[in-house]
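Examining the three-dimensional arrangement
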Amino acid sequence: MPMESSLRHRARPGRAGARRSLVAGFIAALLLSPAAGPAGADETDAQAGIPEGLALPIGPVQACQDGHFDPARYREALEAAGWESAGREIRADVTVRLADAFEPVTPAREDLGRGSEEEMRALRSANRAHWFSMTADRTLMVRPGAVLFLAGMSADDGHRAIECWVAMADTSVVDAIFTSALPQRDNGPDPDGIAVIEYGPVALAAGARLRVMAVRQPPATTADDELSATHGFMTRTVFPPPE
């Protein structure tokens, strides 16, 4: 499973400028404060195995570093970190929040522009349909101010991966990534635009590799363009083929 090896900011058409790379000196600055946001965790054990300079405090990061691929054990680990399984009555709402938070990286954007209201409605509809298909019968969890999607996958070459996608009502966790990774940059992402940051892969124990992606969007300017969530981040841990 191919992994990218650079930190970069990807600006999206319509609200920000062109794609550009970041110098290596900002890689080590990608840091979240343990006190950031309602989804933060107090447990020091949550940092075990996470490289220095990538101190992500939220429970999914630790759960997603385990390569056992046992759904029940992942849910137990997340519950221990303060998450609860999403009941059937709220799964649709959870999925829409995830879809909206990660709309800038939806595959549907490759085929649609970002101009007219009709295009935006088509993009949002296609993106939400993609997420409903992707999350069907898979683990969705909630905690105050945050929702989570847990996914496992495998490649033909035997590599396997665990992803945790988290969307949050509080913007401070994702904003901290951009502030720390892009300090005092005159040509950094427009705070009023759509921005995506990717970091990794970072080497973990036993040959595993960690990648982090963060997404943020500005508040909607009209009720018709309103998103149910605007900020989120994803962690992907790739494990080598079992021996």
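Up top you'll find the structure we're talking about.
Bear in mind that the values here come from a model prediction, so they are computed numbers and not experimental data. (Residues numbered from 1 in each chain as written. Predicted model: local features only at pLDDT ≥ 70, side-chain atom pairs only at ≥ 80, totals over all residues. Heavy atoms only, no water.)

Attention shifts here to the state of the cysteines. Should the sulfur atoms of two cysteines be covalently bonded, the bond is a disulfide. Summed over all chains, the structure comprises 1 disulfide. The partner cysteine of Cys64 in its disulfide is Cys164, sulfur to sulfur 2.1 Å. Between Cys64 and Cys164 the sulfur-sulfur dihedral comes to about 85°; the bridge is accordingly right-handed. Remark: Cys164 occurs in strand S6 (residues 160-168) and Cys64 occurs in the loop between helix H1 (59-63) and helix H2 (71-80); sequence separation between them is 100 residues. Classification of Cys64 as buried rests on a relative accessible area of 0%. (Disulfide = S-S within 2.5 Å. Helix = DSSP H or I, 4+ residues; strand = E, 2+ residues; numbered from the N terminus. Buried < 20%, exposed > 50% of the residue type's maximum accessible area, 1.4 Å probe, protein only.)

Within the secondary structure layout, Asn127 lies in helix H4 (residues 117-135). Look past the residues within four positions of Asn127 in its chain and what remains in contact with it is Ala99, Asp100, Glu103, Thr106 and Ala108. (Contact = heavy atoms within 4.5 Å.)

Of the consecutive residues Gly200 and Pro201, the connecting peptide bond is found in the cis state with omega at 5°. One non-glycine residue with positive phi stands out, namely Phe69, at about 60°. With respect to the helices and strands, the residue Phe69 is situated in the loop between H1 and H2. Residue Phe69 is classed as partly exposed on the basis of its relative accessible area of 22%. Residues other than glycine seldom take positive phi values, yet Ala206 does so here, at roughly 60°. Among the structural elements, Ala206 can be located in the loop between strand S7 (195-203) and strand S8 (209-216).

In terms of nonpolar packing, the biggest core is built from 30 residues, with Leu78, Trp83, Leu148, Leu150, Val166, Met168 and Phe233 touching the most fellow members. Going through the elements one at a time, H1, H2, strand S5 (146-154), S6, helix H5 (172-181), S7, S8 and strand S9 (231-239) are the ones with two or more residues in this core. The residues contacting Leu148, other than those within four sequence positions of it, are Pro60, Leu78, Trp83, Leu98, Thr139, Leu140, Met141, Trp165 and Val166. Leu140, Val142, Val147 and Ala167 belong to the second largest nonpolar core, which has 19 residues in total. (Core = buried A, V, L, I, M, F, W, Y, C linked by side-chain atoms within 4.5 Å.)

Turning next to the packing of aromatic side chains. Under the counting rule described, the total for this entry stands at 5 aromatic pairs. A ring pair is formed by Phe102 and Trp131, whose centres lie 6.0 Å apart and whose planes are at 20°; its orientation type is stacked. With Phe102 in the loop between helix H3 (91-101) and H4 and Trp131 in helix H4, this pair connects stretches of sequence that are 29 residues apart. Just as Phe102 is buried, Trp131 falls in that class too. The interplanar angle of 85° and the centroid separation of 4.8 Å between the aromatic rings of Phe102 and Trp165 together place this pair among those described as edge-to-face. With Phe102 in the loop between H3 and H4 and Trp165 in strand S6, this pair connects stretches of sequence that are 63 residues apart. Judged on exposure class, the residue Phe102 and its partner Trp165 are both buried. (Phe/Tyr/Trp six-rings, centres within 6.5 Å; stacked < 30°, edge-to-face > 60°.)

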